[in-house]
Amino acid sequence: MGSSMAANNAEWLDSVLTMEALRQIVVVDLACGMLSRRFLELASGKMLYNDKYHWLLIEDYTLHVGAGVRQREQQQQQQQLHLTDTAMATDGNRETDELQPIENLMETLNFYMNTELTLAKRAPQDASYLLYDVWSPGRNYGGDVNITKIGNFTLTDGMQLQSWFRTTSTLLRRLDMKHAQVRCMAVVTDKNMTGSLLHYLTHTSGYMDTMNRFNFNLLMVVRDMFNWTFVLSKTSSWGYLKNGRYDGMIGALIRNETDIGGAPIFYWLERHKWIDASGQSWSSRPCFIFRHPRSTQKDRIVFLQPFTDDVWMLILVCGVFTVLILWLLTTIEGKLNPQQGAALIKPKGGAPQHHQQQQQQQVEARPVSHVSLVSLELQPVEGRCWQRCFARLRNYIRRRKALATVSNRQGLFMESVLFFVGIICQQGLGFSTNFMSGRTIVITSLLFSFCIFQFYSASIVGTLLMEKPKTIRTLKDLVQSSLKVGVEDVLYNRDYFLNTKDPVSMEIYAKKITQVPTNKEIEAPSAVPDGGQGQPSTPEDADGASSGASAKAYRDIVHSHEVGAHAKENAATNWMDPETGLQRVKNERFAFHMDVAVAYKTIADTFSERDICDLTEISMFPPQKTVAISQKNSPMRKVISYGWRRITETGIFAYHYNVWHTAKPPCVKKIETSDLHVDMDTVSSALMILLISYGITIFVLIIEILYSKWHTRIGIKFN
C-alpha cells in the first residue's frame, strides 16, 4: 500500500488509479488498519466508487498466510506480547470487532448505484471467505448502504456465486433505491402558471411547455421503476452561455444545485463537456405556419391562365387574318356593287322607314357629290416655299370638306376589328355582307369563337374548383412575400437568431421580425487605404470588408435586442405567445414560427377545415432531437439510460409521445359555395383594364375636341 505519507497524498492516488483502461480492479487489504481506511476515505472523496473501477476489499490475509505468505510469524510475535486473557477475549470477539468497524466506515463512504465493490470477509468456521455486494443509492440522495451476500470463496472449490447474482445485471439487482431523494429541475416558460409545480408538469391540458412536460412524465416512469422520489425545482431557461457561464438548468447541473434535468435540451457540441446525455427525448420541429394566400402574384393574370402563350398567339394570328379578309371582302363588295355599299352597315333588328329614306336620298345624291368633287377649284401650288405650303394646306381643307359630303365607303377595317372582338366575346354581328364569301368567313369565325369560349370558360370554372398553387415554398419566398411574420417568444428561437450565420434567416429577422437600422447605419467602413489614397486595395477586399462589417453590425443589433437593455421591450418586434400567434394566422395574412406539435392541438380545436387545408409549413432550421440530461459523470446517468431503454422497448415512450405530440389535423376537402366566390385580387386585372380604357378614352376625346376646334378655326381663317 505504500507509506502513510504517500497514502495521504491525493496526487499519489491519482498516479496509482490512472484511467488507462475502461475498467480497473483495485484490491485493498483491510488488515492494514488505519492506512487502508484512510485510503478508502480518500477514494470516496474523489468519487472513485463508480463503474470505472472494480473494488475488492479483503478482510485479512489468513488464507494467504497459509499459502506461504511471510506474515504469519509477525502476527504470532505480536500475539505473544499480550496477556493470555487478553488474547482469549480478542479471539472470542474477533468477528464482531472486525466487522462492525468496516460497516460503520462504509456508512460514511460515497457509494452509488453504479458502484462495483465486493467485500470478502473471512468465515470464522473454516478457511474460506464470504463475499458481499456493497452499493448505495447515494449519500447525497439520502440512501443507505446495502450489503448483500452473493457467495463464498475457498482455496479448494474456488469462487461460488449465487445464481441470481450471476444471471442479472448490476442495475437489475438494484431496482429498489428505497425512496432516495433525487433533485430534479424542470424548465417552465409559462409566466402564468398556477397551482403546484407537480400538477402543472403532469397535467395534459394546455399547450405551454409541452416538450418539458413530456420529458418529466417519462422521468416519472423511470422513478417508479427504481423507487426514488423527486425534490422538484424550476427555472425559466434550459441553459445558455451568458458572460462565459451557463444559466438555467445546465448551470444548476454544473454547480451541483440539482442532480438531473427535468426538461430535454438540444445536445450541442459545446454542451457535451459539461453534461451527460441519458437518452433521446422529444423530437422538435419548429417551422413557420401560415395560411397560404389563395391569390398570389400569379393569380393577378387569372384571365390569361386558361390558355398557354402559344394558344394566345395562335388566336391573335387568327384574328389578324380574319380582320384582313373581312376588310378585303367589304372593299371588293363596295367596288363591285356600289349601289349597295352603304347597306353594309345596318342597325340590329332591321332599318326603320326613315333610315331607308335617308339611305335612298344619299344614293341619289352620290353622283352630285362626285361631280362636285371633280369640279372642285383648287389653288395652284406655286411661288415660294411658304406660298406652296399655304396652297397645299388650303387645298387639303377643301378636299376634306368635299369628302365629308360623300357617304360611300370602300372597305370597313374598323368594323372588321370590332367584329372579331365581338365574336370572341360572344356578341352579335354589327354589319352584314351580301357576298357568300363574306358570310362564309363570318360563320367559321363564329364557330371558332364558340369552341374557344367553351374551353376558356370551363378552364376558368376549373381554376376556381381546383387547389390553388402554392408559390411560397422556401424561406426566401416567405421573405419576399407580403405576409407578416411572428416568432414564438422562447429562448431557443432567440438564441438561434443570436448565433445564426444563415443570410436568409438574418434577412427575415431584420425585415419582418425586428426593425433594424437602415443600410446607412450598418454601412461598412472603407477598407484599409492603399498607399494612403483611401481606396480599398482590391474589389474582393472591399466586398469582404463590407460583408464582414454588415454581419458584425447585425450581431450587435441582435445582441442588443435579445440580451441587452432592449430585450423583449422593442415595440417593433413580433415576438409573441403561441395563442396570439395562431390567432393571427387564422384571421390575417400572417406566418408564425413555433413547434408544430404544440400548434397542431390549437389548430385542430379552433381552425376550420378550409383553414386547415390552406396551411403551409416552412422550416427555418432542420428538426432538432433533444436528450434527457444529468450531471457530468453522474451515477444516475446509467439508471436513467436503462430506464429510458426499457420504456422505449415496452411502448411507454410511444404512448406518451402520442399523448403529448398532437398529430397534424387531416385536410378534408369538400366543395363549398365559398370556394366558388371570386375575390377582388382575382378580378383586379379586369378592373385595371377597364380603368386604363377609361383613361385612354378621355385622353383621345380631349385630342379629338382640340383637333375639331383647330380644324374649324383653320377653315374659317382660310375661307
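Above: the structure in question.
Computed from a prediction, not measured in an experiment: that's the story for all the values here. (Residues numbered from 1 in each chain as written. Predicted model: local features only at pLDDT ≥ 70, side-chain atom pairs only at ≥ 80, totals over all residues. Heavy atoms only, no water.)

## Here's the deal with the overall build of the chain
Within the chain, the secondary structure is distributed over 27 helices and 19 strands. Counting only residues that meet the buried cut, the chain has 39% of its 719 residues in that class. Excluding contacts between residues fewer than 6 apart, the proportion of contacts in the chain whose partners are at least 24 apart in sequence is 73%. (Helix = DSSP H or I, 4+ residues; strand = E, 2+ residues; numbered from the N terminus. Buried < 20%, exposed > 50% of the residue type's maximum accessible area, 1.4 Å probe, protein only. Contact = heavy atoms within 4.5 Å.)

## Quick notes on a nonpolar patch on the surface
Side chains of Met 688, Leu 690, Leu 691, Ile 692, Tyr 694, Ile 696, Phe 699, Val 700 and Ile 703 sit close together on the surface and give an oily, nonpolar patch of about 880 Å² of accessible area. Tracing the backbone through its elements, the reader meets Ile 692 in helix 27 (residues 680-718). (Patch = residues over 30% accessible without salt bridge, like charges linked within 9 Å, V, L, I, M, F, W, Y side chains within 5 Å. Areas by Shrake-Rupley, 256 points an atom, 1.4 Å probe, with all protein chains shown as cover. Salt bridge = Lys/Arg side-chain N within 4 Å of Asp/Glu carboxyl O.)

## With respect to the sheet that holds strand 5 (residues 146-154)
Backbone-to-backbone hydrogen bonds pair the strands of a sheet. The strands run either parallel or antiparallel. Pairing in this open sheet of six strands is mixed, and the strands run 1-2-3-4-5-6 from one edge to the other. Here the strands that pair on one side only, and so sit at the sheet edges, are strand 1 (24-29) and strand 6 (158-161). Recorded for the sheet is a direction-independent mean angle of 25 degrees between the axes of neighbouring strands. Alignment of strand 3 (residues 116-122) against strand 4 (residues 128-135), held across six bridges, turns out to be antiparallel. Pairing of Leu 119 across the sheet is with Tyr 132, part of strand 4. (Pairing = 2+ DSSP bridges. Axes fitted to C-alpha atoms, helices over the stretch in contact; angles between N-to-C directions.)

## Some remarks on the nonpolar core
Among the nonpolar cores identified, the biggest contains 55 residues, and Trp 228, Trp 238, Ile 260 and Trp 644 are the most heavily contacted of them. Ranked by the residues each element gives to this core, the list is headed by helix 10 (residues 210-226), at nine residues. Judged by nonpolar contacts, the second largest core, of 24 residues, contains Leu 30, Phe 39, Leu 42 and Leu 109. (Core = buried A, V, L, I, M, F, W, Y, C linked by side-chain atoms within 4.5 Å.)

## Examining the side chain of Arg 213
Tracing the sequence through the fold places Arg 213 in helix 10. No salt bridge is formed by the buried Arg 213. Its closest oppositely charged neighbour is Asp 209, at 6.0 Å. Within polar-contact distance, the side chain of Arg 213 engages the backbone oxygen of Tyr 200 at 3.5 Å. Ignoring sequence-local partners within four residues, the contact set of Arg 213 consists of Tyr 200, Leu 201, His 203, Thr 204, Ser 205, Gly 206, Tyr 207, Met 208 and Trp 660. (Lys, Arg positive; Asp, Glu negative; His and termini not counted. Polar contact = N/O pair within 3.5 Å; in protein donor to acceptor, adjacent residues only side chain to side chain.)

## Thoughts on the state of the cysteines
A full pass over the atoms with the stated rule returns one disulfide. Two residues share a disulfide in this structure: Cys 613 and Cys 667, whose sulfurs sit 1.9 Å from each other. Linking Cys 613 and Cys 667, the disulfide has an S-S dihedral of approximately 115 degrees and is accordingly described as right-handed. Linking Cys 613 in helix 24 (residues 609-613) with Cys 667 in the loop between helix 26 (652-660) and helix 27, this pair joins segments that are 54 residues apart in sequence. With relative accessibility at 17%, the residue Cys 613 sits in the buried group. Classification of Cys 667 as partly exposed rests on a relative accessible area of 37%. (Disulfide = S-S within 2.5 Å.)

## Topic: helix 25 (residues 636-649)
Over its 14 residues, helix 25 runs 20 Å from end to end, which matches the ideal 20 Å to within 8%, given 1.5 Å per residue. Buried within helix 25 we find Met 636, Val 639, Ile 640, Ser 641, Tyr 642, Gly 643, Trp 644 and Ile 647. Positive backbone phi, approximately 90 degrees, marks Gly 651, located one or two places after helix 25. (Expected span 1.5 Å × (residues − 1).)

## Quick look at the sheet that holds strand 14 (residues 286-291)
Pairing within the open sheet is mixed, and its five strands lie in the order 16-15-17-14-18. On the outer flanks of this sheet lie strand 16 (575-576) and strand 18 (615-618), each paired with one strand and no other. Bridge analysis of strand 15 (residues 484-488) against strand 16 gives two bridges, and the strand direction is parallel. Residue Glu 488 lies in a different strand from strand 16, and its bridge partner there is Met 576. In the packing of helix 23 (residues 596-606) onto the sheet, contacts are made with strand 14, strand 17 (590-595) and strand 18, and the angle to strand 17 comes to roughly 120 degrees.

## Re unusual backbone geometry
If you check the backbone angles, Asp 209 has positive phi at about 55 degrees while not being a glycine. Structurally, Asp 209 is set in the loop between helix 9 (197-202) and helix 10. Here the phi dihedral of Asn 256 falls at roughly 60 degrees; this positive angle occurs in a residue that is not glycine. Tracing the backbone shows Asn 256 in the loop between helix 11 (248-254) and strand 11 (260-261).

Shape descriptors only; they carry no functional weight alone.
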